[in-house]
Amino acid sequence: MFKLNFLRLTLLILIIASSFYLLIIIQNNKIIKLENQTKEIQLSIPSIQKQKKEEIIISQNSCENNNNNNNNNNNKYFLNNEIGNYYGFKDENSLLNYFLTYKNYYDIEDYNKKIYINQTKYILFKYPKPKLINKFSNFTPTIQETNININNLIISENVTDEYKLIYNKKYHKLVLKKIQANICEEFFDNYWRDFYKSKYSLDHGIVPFQAPKLSLPLNITKPLLTTPILYLHIPKCAGHTSYLLFENYFKGKGVIQLWSHPSPDMYYDVSKANNIILGHYHYGIHKILPEKFQKTFSYMTMLRDPVDRVISHYYYHRNNPYDPEYQLAKTSTFSQWLDRSPRANNEMTRFLSGLTKDEEFKPTDDTFHMALYHLRSMKFVGITERYKETIALLKFYVGIENHRIREKQNAAKIKHPHVPFHLIEAIKKRNNFDILLYEEALKMFERQIDIVGRDHFNNQLNKIL
């Protein structure tokens with residue numbers, strides 16, 4: 001009996017000791033993982049000493065430059081480069097591209113404290129911004145699945161032209177799916193990486209990376225955007241008029257206009273467009289650019305008042321017999337068309353997200369967040385209702401100086417019938433995401449003016465007017 005109790009006691013001690021040892025191992029692993037995460041984050045964050053030193057220099061330079069801005073300009077964008085390392089960026093252009101990207105500044109600048117949209121037309125609290133809940137992309141087919149499907153496409157030499165045409169269409173569709181899957185995965189990876197990095201820094205008292213605050217206005221002795229410009233033309237947002245403007249400025253060299261996302265047999269022509277690629281493609285065309293343009297391309301787009309855009313789109317379809325959606329608009333009342341056409345449901349959100357009507361008739365919350373992320377990533381955003389002001393800004397961002405502005409080329413020559421109040425409200429309900437994006441674009445537009453300076457901007461605008 002004594003031996004049995006002794007064995008039980010020994011076994012109990014061993015179990016307790018093993019459990020204690022296991023807890024120590026788990027705790028050590030957590031500490032090691034925490035240390036590794038801290039090192040990883042600290043690698044991307046300047047040291048506190050260096051940051052404080054640079055803040056002092058920035059402050060001194062800003063004071064000096066603000067006093068001299070109106071009288072003396074040098075040949076640099078950033079007015080003073082005594083720091084010598086461009087705040088940790090590789091070169092001046094890298095710093096400039098970072099600064100022009102609103103995504104890096106929207107949560108620390110004051111533009112988000114003001115409402116710019118017409119508040120008599122839109123009451124923003126009626127359109128709350130949805131929260132992003134999903135941590136991973138649920139887009140199908142995935143990149144891996146698409147690669148398998150592409151490899152399964154077989155074509156031999158002895159086939160008919162009809163079969164080759166079918167093959168090319170299937171191949172083009174799969175390539176586009178692969179780009180969309182990649183865009184979705186990148187968005188979720190980048191969004192949550194940034195979110196957790198900032199949260200981790202705050203939770204552990206680490207000084208997060210602070211976006212450089214440059215003295216404004218920037219020196220504008222040369223265009224701010226690097227090429228090629230990827231002009232994402234959202235339907236009924238003055239894109240065709242803009243194309244004529246760009247074509248004239250670049251004298252037709254290095255310019256291409258697309259009416260849809262390019263198929264693989266067009267990639268060569270796209271690669272030759274070293275100035276501007278403008279068209280009705282969705283976000284993601286940068287994925288097909290050659291290596292030499294991967295670090296220099298600049299996305300831009302034009303947004304329009306969502307209600308006005310939808311009304312214009314409907315009557316454009318009705319008045320153009322050669323338009324692919326003519327029949328639907330012609331045989332539908334406005335109210336019916338709102339229910340039947342994806343063009344009436346957050347079309348700007350769809351284009352900016354990278355997805356098409358084939359994937360989503362009605363964009364989801366995830367799609368909205370992708371569109372918002374991509375919009376904030378763009379280097380320039382124009383506003384259709386402020387077209388002349390947009391052209392004035394393009395003088396500083398692209399180099400275009402055109403004092404004789406044509407009226408928008410695709411403007412309907414027939415005035416639109418009066419749209420009753422209940423249909424206006426129906427449009428708003430179906431375009432809640434587009435309303436939020438339009439407000440964001442208005443904030444970006446004001447920031448773009450401040451970057452070049454309101455005096456410079458007004459002087460250029462007066463030349464146009």
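Placed above this text is the structure.
The structure presented is a predicted model; accordingly, all values stated were derived computationally and were not measured.

**Describing the sheet that holds strand 2 (residues 255–258)**
Spatial ordering of the open sheet is given by 2-3-1-4-5, a layout of five strands whose pairing is parallel. Both edges of this open sheet fall to strand 2 and strand 5 (380–383), since each of them pairs with a single strand only. Neighbour-to-neighbour, the strand axes of this sheet turn through a mean angle of 15°, independent of strand direction. For strand 4 (residues 298–303) and strand 5, the ladder comprises four bridges, and the chain directions are parallel. When the bridges of strand 5 are listed, Met-300 appears paired with Phe-380. Across the sheet, helix 6 (residues 239–249) is in contact with strand 1 (229–232), strand 2, strand 3 (276–279) and strand 4; its angle to strand 3 comes to roughly 155°. Along the sheet, helix 13 (residues 387–397) makes contact with strand 4 and strand 5, crossing strand 5 at roughly 155°.

**Regarding the packing of helix 13 against helix 15 (residues 432–452)**
At their nearest, the axes of helix 13 and helix 15 sit 10 Å apart, and the two run at 45° to each other. Here helix 13 lies oblique to helix 15, going by the angle between them. Crossing hand, helix 13 versus helix 15: left-handed. Residue-level inspection shows Glu-389, Thr-390, Leu-393, Phe-396 and Tyr-397 of helix 13 in contact with helix 15, the latter providing Phe-445, Gln-448, Ile-449, Ile-451 and Val-452. Split by residue class, the contact of helix 13 with helix 15 holds seven nonpolar, two polar and one charged.

**Here we look at the nonpolar core**
By size, the foremost hydrophobic cluster in this structure holds 103 residues, and its most contacted members are Phe-246, Ile-277, Phe-334 and Tyr-397. Grouped together as the second largest cluster of nonpolar side chains are eleven residues, Leu-132, Ala-181, Phe-187 and Tyr-373 included.

**Looking at the side chain of Lys-177**
Examined against the element boundaries, Lys-177 turns out to sit in helix 5 (residues 161–203). With residues near it in sequence (within four places) discarded, Lys-177 still touches Phe-139, Pro-141, Thr-146 and Glu-359.

**A closer look at the pairing of strand 2**
Alternating residues of strand 2 divide into Val-255 and Gln-257 and Ile-256 and Leu-258, and every residue in both groups is buried. As paired elements, strand 2 and strand 3 share four bridges and run parallel to each other. Among the inter-strand pairings, Gln-257 is bridged to a residue of strand 3, identified as Leu-278.

**A few points about the pattern of salt bridges**
Between side chains of opposite charge, pairing is possible as soon as their charged atoms come close. Within this structure, the stated rule accounts for 21 salt bridges. When the shortest N-O distance is used, the salt bridge between Arg-343 and Glu-325 registers 2.7 Å. Residue Arg-343 is found in the loop between helix 10 (334–340) and helix 11 (347–353), and its partner Glu-325 is found in the loop between helix 8 (306–318) and helix 9 (326–330); the two are separated by 18 residues along the sequence. Of the two residues, Arg-343 and Glu-325, neither departs from the other in class, the shared state being buried. Connected via shared salt-bridge partners are Arg-386, Glu-389, Glu-446, Asp-450 and Arg-454.

The rules we used
- Residues numbered from 1 in each chain as written.
- Predicted model: local features only at pLDDT ≥ 70, side-chain atom pairs only at ≥ 80, totals over all residues.
- Heavy atoms only, no water.
- Pairing = 2+ DSSP bridges.
- Helix = DSSP H or I, 4+ residues; strand = E, 2+ residues; numbered from the N terminus.
- Axes fitted to C-alpha atoms, helices over the stretch in contact; angles between N-to-C directions.
- Contact = heavy atoms within 4.5 Å.
- Parallel < 35°, antiparallel > 145°, perpendicular 65-115°, else oblique.
- Left-handed = near helix turned anticlockwise from the far one by under 90°.
- Nonpolar A, V, L, I, M, F, W, Y, C, P; charged D, E, K, R; others polar.
- Core = buried A, V, L, I, M, F, W, Y, C linked by side-chain atoms within 4.5 Å.
- Buried < 20%, exposed > 50% of the residue type's maximum accessible area, 1.4 Å probe, protein only.
- Salt bridge = Lys/Arg side-chain N within 4 Å of Asp/Glu carboxyl O.

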